[in-house]
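Listed below are the residues making up each chain.
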Amino acid sequence: MEDLMHGLKSIADEHRIIERTWENFWYAYNSYITEDREEAEEYGMTDKDSVIPEFYSLAYKIFHDDSEIIEATIRMYDKEHRYLGYYDDLFDINGEGVDDFFVIE
């Protein structure tokens, strides 16, 4: 188990996955509060200071078709620390971006 964890951390470090996830999160967040301003304001998401993002997890997933991804997740909270949603950034094992999801719940 330790080898698997070390391998995932090595891939994440080599490809700057966590740092890139933060960069992508802020890009997605800024797009959301600009493009869906009315909805964002309903959740109190008006600027960078109105949300508290926290890095939540880094996961390696193997799917039924043997495809593999690395998933980095950031959770979002408001100033009262109420859960707002999450951002998932997906990478292949070579560190290439595959997809991302910005979800308000």
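Looking at this structure, how should I read unusual backbone geometry?
As a rule of thumb, non-glycine residues mostly have phi less than zero, and peptide bonds are mostly trans rather than cis. A positive phi angle, near 55°, is found at arginine 16, a position not held by glycine. Position of arginine 16 relative to the elements: it lies in the loop between helix H1 (2–14) and helix H2 (17–35). With a phi close to 65°, histidine 81 is a non-glycine residue in the positive phi region. The exposure class assigned to histidine 81 is partly exposed, which follows from its relative accessible area of 42%.

Help me out: how do you make sense of the nonpolar core in this one?
Phe25, Tyr29, Tyr32, Ile33, Met45, Val51 and Met76 are the most contacted members of the largest nonpolar core, which has 14 residues in total. Sorting the residues of this core by element identifies H2, strand S2 (68–77) and strand S3 (83–91) as the ones contributing at least two each. The element best represented in this core is H2, accounting for six residues.

Just checking my understanding: could you explain the pattern of salt bridges for this structure?
One side chain can pair with another of opposite charge once the charged atoms of both are near each other. Under the criterion given, the structure shown has five salt bridges. One salt bridge connects arginine 37 with glutamate 41, and the closest N-O pair in it is separated by 3.5 Å. Of the two residues, arginine 37 and glutamate 41 are both situated in helix H3 (residues 37–42); the distance of four residues between them amounts to about one turn of the helix. Residue arginine 37 is classed as partly exposed on the basis of its relative accessible area, which comes to 40%. Notably, a salt bridge pairs lysine 61 with glutamate 71, separated by 3.1 Å at the nearest N-O pair.

Looking at this model, I keep getting lost on the sheet that holds S3. Mind explaining?
By way of backbone hydrogen bonds, the strands of a sheet pair with one another, either parallel or antiparallel. Strand order across the open sheet formed by four strands is S1-S2-S3-S4, with antiparallel pairing between neighbours. In this open sheet, the two edge strands, each paired with only one partner strand, are strand S1 (52–62) and strand S4 (97–104). Within this sheet the neighbouring strands show an average axis-to-axis angle of 15°, counted without direction. Alignment of S3 against S4, held across seven bridges, turns out to be antiparallel. Of the residues in S4, the one forming a bridge with tyrosine 87 is phenylalanine 102.

Rules of the game
- Residues numbered from 1 in each chain as written.
- Predicted model: local features only at pLDDT ≥ 70, side-chain atom pairs only at ≥ 80, totals over all residues.
- Heavy atoms only, no water.
- Helix = DSSP H or I, 4+ residues; strand = E, 2+ residues; numbered from the N terminus.
- Buried < 20%, exposed > 50% of the residue type's maximum accessible area, 1.4 Å probe, protein only.
- Core = buried A, V, L, I, M, F, W, Y, C linked by side-chain atoms within 4.5 Å.
- Salt bridge = Lys/Arg side-chain N within 4 Å of Asp/Glu carboxyl O.
- Pairing = 2+ DSSP bridges.
- Axes fitted to C-alpha atoms, helices over the stretch in contact; angles between N-to-C directions.

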